[in-house]
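Overview (structure and organization)
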Amino acid sequence: MADKSADRAARAAQDSTVFEVFARVGYVVLGILHLLIGVIAISIATGGGGEADQGGALAQIQKSPFGVVLLWGIVIGLAALAAWQVAEIFLERDPDRRKRWVHRVKFIGTAITYLAISGTALVYALGGRSDSSESSQSLSARLLAVPAGVALLVAIGLVVTGIGIAFVVRGITRAFEEDLDLATGAGRTGILTLGVVGYVAKGIAVGVTGILFVVAALMHDPEAAGGLDAALRALAGLPFGVVILWGVGAGLILYGLFCFARARYARM
């Protein structure tokens, strides 16, 4: 009975036009964040400053005219998008039991991610700030201080690295295409190209973030861990790192543009 009630509530939510509009707005604000992160990444590649992560992007928005209004839009849009993902958990009906649970796990992970960014945007909307690198280092320090902490931190790093690899694979195989309702033509080709490049670029950035967690665990050095900003700066330190960072930054900008297209063409 409880499952049926949850299914009915999820279906009612997804049948709401207002709810769908808010969820699509979530993709728009997600696109804005990735555009800003990509621009900051290119700025770092050219010797500029800024933090190339959600916090850095939100800080830029906070300082802009009408920034608080936009921040509240990000809070609401991403919260709605997270709620949409939760509804998908209850409505998932793939006949293959294994695939059904894989999809549900993906929906849960995506919902948590959107809620986390929404929560960070709320902090900025209320006048606060957040530092993802400090948060990552603080988490690493706490884990390394407990028994089996090294193993836990390695596990977290491997999971994050796996997510990055999944983004790359999803981009290369164009698996995201099944979530879009696109007509044939040049427009379709352009949107798919944005998706391929964007997913690969984001996957590289996320994957490097995971590797930093593993390095922090193996070196027993929490300061080696960091968020997306630290990962992109690590890329800049590699041979031809400036070129790589330029590519990843441009790719994140393209992913942001893809999010705009997704707001219009996503299967909801």
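Here, every reference points to the structure presented above.
Here's what I pulled together on the structure shown here. (Residues numbered from 1 in each chain as written. Predicted model: local features only at pLDDT ≥ 70, side-chain atom pairs only at ≥ 80, totals over all residues. Heavy atoms only, no water.)

Considering the overall build of the chain
Looking only at helices and strands, one finds ten helices and zero strands in the chain. When the elements of the chain are put in sequence order from the N terminus, they spell out α-α-α-α-α-α-α-α-α-α. Taking all 268 residues of the chain together, 44% fall into the buried category. Long-range contacts, defined as pairs at least 24 residues apart, comprise 73% of the intrachain contacts of the chain with a sequence gap of at least 6. Just so you have it, the chain exposes about 13200 Å², and 68% of that area is on carbon and sulfur atoms. (Helix = DSSP H or I, 4+ residues; strand = E, 2+ residues; numbered from the N terminus. Buried < 20%, exposed > 50% of the residue type's maximum accessible area, 1.4 Å probe, protein only. Contact = heavy atoms within 4.5 Å. Areas by Shrake-Rupley, 256 points an atom, 1.4 Å probe, with all protein chains shown as cover.)

Some points on the environment of Tyr255
When you line up the elements, Tyr255 lands in helix H10 (residues 241-265). Accessibility expressed as a relative area gives 4% for Tyr255, which makes it buried. Spatially, the C-alpha atom of Tyr255 lies 9.0 Å from that of Gly38, the residues being 217 residues apart in sequence. Once residues within four sequence positions are removed from consideration, Tyr255 is found in contact with His34, Phe167, Gly198, Tyr199 and Lys202.

Topic: the packing of helix H2 (residues 17-45) against helix H3 (residues 54-63)
It is at 9 Å that the axes of H2 and H3 come closest, and there the two elements cross at 100°. In terms of orientation, H2 and H3 fall into the roughly perpendicular class. Where H2 abuts H3, its residues Ile32, Leu33, Leu36, Ile37 and Ile40 lie against Gln54, Gly56, Ala57, Leu58, Gln60 and Ile61. Residues belonging to the contact of H2 with H3 are distributed by class as follows: eight nonpolar, three polar and no charged. (Axes fitted to C-alpha atoms, helices over the stretch in contact; angles between N-to-C directions. Parallel < 35°, antiparallel > 145°, perpendicular 65-115°, else oblique. Nonpolar A, V, L, I, M, F, W, Y, C, P; charged D, E, K, R; others polar.)

What about helix H8 (residues 186-219)?
A turn of α-helix holds 3.6 residues, and therefore any two residues three or four places apart point the same way. Taking 1.5 Å as the rise per residue, H8 with 34 residues should run 50 Å; its terminal C-alpha atoms sit 50 Å apart, in good agreement. Two residues or fewer past H8, His220 is found with a positive phi of approximately 55°. (Expected span 1.5 Å × (residues − 1).)

Describing the packing of H2 against helix H4 (residues 67-91)
It is at 7 Å that the axes of H2 and H4 come closest, and there the two elements cross at 120°. The angle between H2 and H4 places the two elements in the oblique class. In this structure, H2 crosses over H4, and the sense of that crossing is left-handed. On H4, the residues that touch Phe19, Glu20, Phe22, Ala23, Val25, Gly26, Tyr27, Val29, Leu30, Ile32 and Leu33 of H2 are Leu70, Gly73, Ile74, Ile76, Gly77, Leu78, Ala80, Leu81, Ala83, Trp84 and Gln85. (Left-handed = near helix turned anticlockwise from the far one by under 90°.)

So, the packing of aromatic side chains
Scanning the model with the defined rule gives seven aromatic pairs in all. Judged by centre distance (5.3 Å) and plane angle (85°), the ring pair of Tyr199 and Tyr255 falls under edge-to-face. Note that Tyr199 is positioned in helix H8 and Tyr255 in helix H10, a separation of 56 residues in sequence. Of the two residues examined, Tyr199 and Tyr255, each falls in the buried class. Pairing Tyr255 with Phe258 gives two aromatic rings, centres 6.1 Å apart and planes at 40°, and the pair type is tilted. Here the residue Tyr255 and the residue Phe258 both occupy positions in helix H10, the gap between them amounting to three residues, near one helical turn. Owing to a relative accessible area of 1%, Phe258 belongs among the buried residues under this scheme. Grouped by ring-pair contacts, the aromatic residues Phe167, Phe176, Tyr199, Tyr255 and Phe258 constitute a single cluster. Taking NZ or CZ as reference, Arg104 lies 4.8 Å from the ring centre of Trp101, over its face. (Phe/Tyr/Trp six-rings, centres within 6.5 Å; stacked < 30°, edge-to-face > 60°. Lys NZ or Arg CZ within 6 Å of the ring centre and 35° of its normal.)

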